[in-house]
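# Coordinate analysis (summary)
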Amino acid sequence: MSDELVTPENVSKEMLRSMFAAASLETSFDRDGDLVVSDGVFKGFVLLDDKNRSIKLMVVYDAEPSATKSDLLEFVNRINYDYMIICAVFVPEHHTVCFDFYICLTGGVSQANIVYTTKCFLRIPLVAVKKHGSQFIK
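Residues numbered from 1 in each chain as written. Predicted model: local features only at pLDDT ≥ 70, side-chain atom pairs only at ≥ 80, totals over all residues. Heavy atoms only, no water.

## Digging into the pairing of strand E5 (residues 54-62)
Counting buried residues along E5, 7 of its 9 residues qualify, which places the element largely inside the surrounding structure. Pairing of strand E4 (residues 43-48) with E5, which is carried by 4 bridges, proceeds in the antiparallel orientation. Along E5, the bridge assignment pairs Phe 45 with Met 58. Hairpin connection between E4 and E5: a loop of 5 residues separates the two successive antiparallel strands, and Asn 52 in this loop has a positive phi of roughly 60 degrees. Of the pairings in the sheet, the one linking E5 to strand E7 (residues 96-104) comprises 9 bridges and is antiparallel in character. (Buried < 20%, exposed > 50% of the residue type's maximum accessible area, 1.4 Å probe, protein only. Helix = DSSP H or I, 4+ residues; strand = E, 2+ residues; numbered from the N terminus. Pairing = 2+ DSSP bridges.)

As structure tokens, then:
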């Protein structure tokens, strides 16, 4: 992994894919062209905003069909209360729960920091789901 800082000017999906692959993470692009990263157990999306100012880390779970909107809103509220570093959102139109975290690239961020942050983030949703209501997630 290079010592080069990742900035809005030099970041790209291909650069991120190469960086994660060099850190022994599995990488692929989904059918929409989004970068998917996995450590073999945990898997999530790595997305750039339109102006490359931030990296959005995201994990999406399908909710159980039997879980009500009220159940899922209470579930994500408990997670958001306990885990300041992530944001959990219930997406009613897809009946999913989305976890995300943003890495701001303004001023530059080391590749090592991005890889470490991504590895840490990928583990949090599963822990949060197990603690606060695995019965609501498929």
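## Comments concerning unusual backbone geometry
The phi dihedral of Ser 24 falls on the positive side, at around 65 degrees, and the residue is not glycine. Along the chain, Ser 24 turns up in the loop between helix H1 (13-22) and strand E2 (26-29). Here Ser 24 falls in the exposed class, since its relative accessible area comes to 65%.

## Digging into the nonpolar core
With 41 residues, the main nonpolar core has Phe 20, Phe 75, Phe 99 and Ile 114 as its most contacted residues. In terms of residues, this core owes the most to one element, helix H3 (residues 111-132), which gives 7 residues. Those residues in contact with Phe 75 that sit more than four places away from it in its chain are Val 97, Val 129, His 132, Gly 133, Phe 136 and Ile 137. (Core = buried A, V, L, I, M, F, W, Y, C linked by side-chain atoms within 4.5 Å. Contact = heavy atoms within 4.5 Å.)

## Here we look at the side chain of Ser 54
Locating Ser 54 in the fold gives a position in strand E5. Those residues in contact with Ser 54 that lie beyond four places of it in its chain are Leu 47, Leu 48, Asp 49, Tyr 102, Ile 103, Cys 104 and Leu 105.

## Some details on the state of the cysteines
The tally for this structure, following the rule as stated, stands at 0 disulfides. Left without a disulfide partner, Cys 87 is nearest to the cysteine sulfur of Cys 98, which lies 7.9 Å away. A relative accessible area of 10% places Cys 98 in the buried class. (Disulfide = S-S within 2.5 Å.)

## Overview of the side chain of Ser 38
For Ser 38, the position within the fold is in strand E3 (residues 35-38). At 3.1 Å, the side chain of Ser 38 and the backbone oxygen of Phe 42 are in polar contact. (Polar contact = N/O pair within 3.5 Å; in protein donor to acceptor, adjacent residues only side chain to side chain.)

## Some details on the confidence of the model for the protein
Summary statistics for the protein give a mean pLDDT of 95 and a share of 99% for residues scoring 70 or more. Looking across the protein, the model is least confident in H3, with a mean pLDDT of 95, and most confident in E3, with 98. (pLDDT = per-residue confidence, 0-100.)

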